[in-house]
Amino acid sequence: MTTQANDDWWRDAVVYQVYPRSFADGDGDGTGDLQGVRGKLPYLRELGVDAIWLSPFYTSPLADGGYDVADYRDVDPRFGTLADFDAMASDAHALGIRVIVDLVPNHSSDLHVWFQQALAAAPGSPERERYMFRDGLGETGELPPNDWESIFGGRAWTRVPDGQWYLHLFAPEQPDLNWENPEVRTEFHGVLRFWLDRGVDGFRIDVAHGMIKAEGLPSVGRTSDDGGRQVEMLGSEPLPYFDQDGVHDIYREWRPILDEYPGGRMAVAEAWVDSPERLARYIGRDELHQAFNFDFMMAEFDAESFRTIIDKSLAEADLVGAPTTWVLSNHDKFRHVTRYGDGVIGLRRARAATLLMLSLPGSAYLYNGEELGLNEVLDLPDELREDPSFKRTGESRDGCRVPLPWGGTLEEGFRFNPDGQGTPWLPQPAKWESLTAQAQESDPESTLNFYRAALRLRRELPALGGGKVQWIDSPEGVLAFRRDPGVVVVTNIADRPVTLAELGLSGTPLLTSSPVPTPGTLPADTTLWLLG
Ligand code: GLC
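None of the values given here were measured: they were computed from a predicted structure.

About the cut-offs
Residues numbered from 1 in each chain as written. Predicted model: local features only at pLDDT ≥ 70, side-chain atom pairs only at ≥ 80, totals over all residues. Heavy atoms only, no water. Near = heavy atom within 4 Å. Polar contact = N/O pair within 3.5 Å; in protein donor to acceptor, adjacent residues only side chain to side chain. Areas by Shrake-Rupley, 256 points an atom, 1.4 Å probe, with all protein chains shown as cover. Nonpolar A, V, L, I, M, F, W, Y, C, P; charged D, E, K, R; others polar. Domains from an automatic or database assignment. Helix = DSSP H or I, 4+ residues; strand = E, 2+ residues; numbered from the N terminus. Buried < 20%, exposed > 50% of the residue type's maximum accessible area, 1.4 Å probe, protein only. Contact = heavy atoms within 4.5 Å. Phe/Tyr/Trp six-rings, centres within 6.5 Å; stacked < 30°, edge-to-face > 60°. Pairing = 2+ DSSP bridges. Axes fitted to C-alpha atoms, helices over the stretch in contact; angles between N-to-C directions. Parallel < 35°, antiparallel > 145°, perpendicular 65-115°, else oblique.

Caption draft 1: Fine view of the site of the ligand. Taken together, 14 residues lie around the ligand, and Asp64, Asp206, Glu270, His331 and Asp332 are the ones closest in. A distance of 3.0 Å is found between an oxygen atom of the ligand and a side-chain nitrogen or oxygen belonging to Arg204. Contact distances for the ligand include 3.0 Å between an oxygen atom and a side-chain N or O atom of Arg397. For the ligand, whose free accessible area comes to 310 Å², the fraction covered by protein is 95%. A class-by-class count of the residues in the shell around the ligand yields 4 nonpolar, 3 polar and 7 charged. Shared between two domains, the shell around the ligand holds at least three residues of each, these being domain 1 (9-106 + 182-214 + 234-455) and domain 2 (107-176).

Caption draft 2: Inspection of the side chain of Thr526 at higher detail. For Thr526, the location among the structural elements is in strand S20 (residues 526-531). Thr526 sits in the buried class, given a relative accessible area of 0%. Here the side chain of Thr526 touches Pro523 through a polar contact of 3.1 Å, landing on its backbone oxygen. Of note is the side chain of Thr526, whose polar atom sits 3.0 Å from the backbone oxygen of Ala524. Ignoring anything within four residues of it in the chain, the contact list for Thr526 reads Arg348, Ala352, Val490, Thr491, Asn492, Thr512, Ser513 and Ser514.

Caption draft 3: The domain arrangement of the protein chain, seen in detail. Each domain of the protein chain was delimited in the assignment, giving domain 1 (9-106 + 182-214 + 234-455), domain 2 (107-176) and domain 3 (468-531). Averaged C-alpha coordinates put domain 2 and domain 3 at centres separated by 55 Å.

Caption draft 4: Quick look at the packing of aromatic side chains. Throughout the structure, instances matching the rule amount to 32 aromatic pairs. Centroid distance Tyr241 to Phe242: 5.1 Å. Interplanar angle 70 degrees. Geometry classified as edge-to-face. Residue Tyr241 shares its accessibility class with Phe242, and that shared class is buried. Plain terms: the ring middles of Phe296 and Phe306 are 5.0 Å apart, the flat faces sit at 40 degrees to each other, and that makes the pair tilted. A residue pair is termed long-range when its members are at least 10 positions apart, and Phe296 in helix H9 (residues 295-298) and Phe306 in helix H10 (residues 303-320) qualify at 10 residues. According to the relative accessible area criterion, Phe306 is buried, its value standing at 0%. Of the aromatic side chains, those joined through ring pairs into one cluster are Tyr72, Trp179, Phe188, Tyr251, Trp254 and Tyr282.

Caption draft 5: Broad picture of the environment of His331. Here His331 shows up in the loop between strand S12 (325-327) and helix H11 (336-339). The exposure class assigned to His331 is buried, which follows from its relative accessible area of 2%. Separated by 80 residues in sequence, His331 and Tyr251 have C-alpha atoms that sit 25 Å apart. Not counting residues within four places of it along the chain, the set of residues in contact with His331 comprises Gln17, Tyr19, Trp53, Ser55, Tyr67, Arg204, Tyr367, Arg397, Cys400 and Arg401. Among the polar contacts made by the side chain of His331, one reaches the side chain of Asp332 at a distance of 3.3 Å.

Caption draft 6: Geometry of the sheet that holds strand S10 (residues 266-269). Read across the sheet, 8 strands follow the order S11-S10-S9-S5-S2-S1-S13-S12 without closing on themselves; strand pairing throughout is parallel. Strands with a single pairing partner mark the edges of an open sheet, and in this sheet they are strand S11 (290-291) and S12. The pairing of S12 with strand S13 (residues 363-367) spans 3 bridges and is classified as parallel. Across the sheet, residue Trp326 finds its bridge partner in S13, namely Ala364. Here helix H4 (residues 82-94) sits on the sheet in contact with strand S2 (51-54) and strand S5 (98-103), set at roughly 140 degrees to S5.

Caption draft 7: Expanded view of the sheet that holds strand S6 (residues 133-134). Taken together, the 3 strands give an open sheet; going across it, the order is S6-S8-S7, and neighbouring strands pair in antiparallel fashion. The open sheet has two free edges, formed respectively by S6 and strand S7 (157-159), since each of these has just one partner strand.

Caption draft 8: Examining the environment of Thr59 more closely. Positionally, Thr59 belongs in strand S3 (residues 58-59). By relative accessible area, Thr59 is classed as partly exposed at 21%. Sequence separation between Thr59 and Arg78 is 19 residues, and the spatial gap between their C-alpha atoms is 8.6 Å. Residue contacts for Thr59: discarding those within four places in its chain leaves Asp68, Val69, Ala70, Asp71, Asp74, Val75 and Asp76.

Caption draft 9: Layout of the side chain of Asn330. With respect to the helices and strands, Asn330 occurs in the loop between S12 and H11. Only 2.8 Å separates the side chain of Asn330 from the backbone nitrogen of Asp332, close enough to count as a polar contact. A distance of 3.2 Å separates a polar side-chain atom of Asn330 from the backbone nitrogen of Lys333. When neighbours within four sequence positions are excluded, Asn330 is seen to be in contact with Gln17, Phe294, Met297, Tyr367 and Cys400.

Caption draft 10: A look at the packing of helix H12 (residues 343-357) against helix H16 (residues 447-460). The geometry of H12 relative to H16 is characterised by a closest axis approach of 11 Å and an angle of 10 degrees between their N-to-C directions. Judged on the interaxial angle alone, H16 and H12 are roughly parallel. Of the residues in H16, those in contact with Leu347, Arg351, Thr354, Leu355 and Met357 of H12 are Thr447, Phe450, Tyr451, Ala454 and Arg458. Taken together, the residues that form the contact of H12 with H16 break down as 6 nonpolar, 2 polar and 2 charged.

Right under this line is the structure:
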């Protein structure tokens with residue numbers, strides 16, 4: 001499975017992201033749950049993933065799909081119980097699948113007992129000190145304390161009846177915690193231990209670049225009213241509420257806790273910062289193990305941009321001293337089939353990009369449903385959309401969160417329990433009838449069987465996973481590189497077929513992302529793994 005020591009399992013792992021609400025429905029109520037995840041572990045084992053990362057399943061009013069946690073130490077009844085979690089994790093481990101859970105430390109839910117106590121308490125009280133309450137500006141405090149904007153649109157402050165304002169970098173239902181308060185830090189040490197004691201192998205740290213805000217909470221000096229939304233600066237220009245130096249003290253406190261536990265417990269940061277040097281600071285022996293590299297996901301389907309990003313990411317990995325991560329889809333972005341043109345062409349390109357990604361050094365993160373070739377669902381009725389940013393900006397992430405189609409027919413698709421009564425919490429498009437896991441099972445050329453074959457080869461071939469990329473000269477629109485020992489990867493994004501002869505390559509084809517009608521000729525929008 002991995003060539004490195006056990007503790008380093010994450011370095012070249014294939015991690016499958018489960019969005020619990022939409023993955024598999026164990027009790028037939030139309031909402032996915034942990035029982036459903038448990039039931040699908042044999043499927044995931046056959047798919048060939050090393051680990052699953054579960055998006056939040058904690059007690060939550062689901063104002064942001066669970067990224068608004070009301071109790072960090074319990075499971076929301078819609079998703080099951082702690083006993084269901086334990087049973088699922090224990091089965092996963094028995095099948096050789098590690099379990100990563102999502103930790104959301106920047107903000108809690110407004111229904112968290114701490115926030116409810118803060119609302120009931122007076123300004124200046126210890127209860128309010130757990131969050132970011134401030135007096136407003138203006139004669140009567142009627143103006144927010146600064147010009148900060150919510151990532152989901154609108155201002156980042158909401159006023160409470162006694163006149164104070166509280167900060168929420170996301171929805172108003174997600175008040176930011178005050179990480180300058182030692183009580184908050186201690187609480188999260190306890191949360192880490194709670195899940196480590198239950199046997200989790202790692203954490204995905206949500207908004208890992210948040211938590212600490214610049215002293216004095218200075219205004220940005222630019223808002224949607226004048227220069228465009230502040231969120232557009234994210235990842236390219238400094239913001240006073242993200243990537244502050246003080247955040248690293250938090251991770252330096254967390255790392256010894258992770259290291260106390262045996263078996264290589266890890267943490268991966270979701271950190272949007274403005275340079276590779278800034279990202280590198282999150283990684284290392286005394287902080288987190290990995291950070292997501294979103295550049296590949298953000299790139300156009302284009303040979304030049306892929307090559308530039310691969311080179312940049314590998315250079316960053318050297319700087320950071322840890323292998324990079326690759327990801328093409330997640331619960332926040334349009335599915336890559338749709339980004340690349342949707343329909344037949346989009347799927348063809350998605351498979352080519354996936355096979356390219358799976359050949360690169362480092363770990364790869366897959367998003368549930370991409371192994372079925374699912375597209376983004378663009379035509380959901382507005383009244384069913386739940387993404388909190390939809391109401392504020394018109395942008396919605398619901399289309400990549402539509403429940404997975406499992407069964408032979410769409411009706412039973414999400415009902416893992418055939419006696420269940422529910423229908424999926426978001427409707428599945430009729431054309432997914434042919435994309436159900438069951439429909440793809442027996443088709444050797446299905447996307448599901450393609451993913452299985454790719455992951456099997458990745459496990460079997462020592463060349464894939466760790467190691468280096470050695471570029472091979474190739475014509476415009478074609479990426480070709482060697483992965484030692486013995487694997488050559490070619491991705492053809494030119495608008496014409498290319499022959500292996502013209503690339504000076506020969507060898508035995510291992511796998512192609514789409515069928516190759518003429519042996520020795522790689523059609524456009526196709527990736528090939530070659531033994532040679
Ligand atoms: C992260 C999550 C996203 C969530 C946000 C607020 O970016 O991936 O889904 O809305 O944090 O927690």
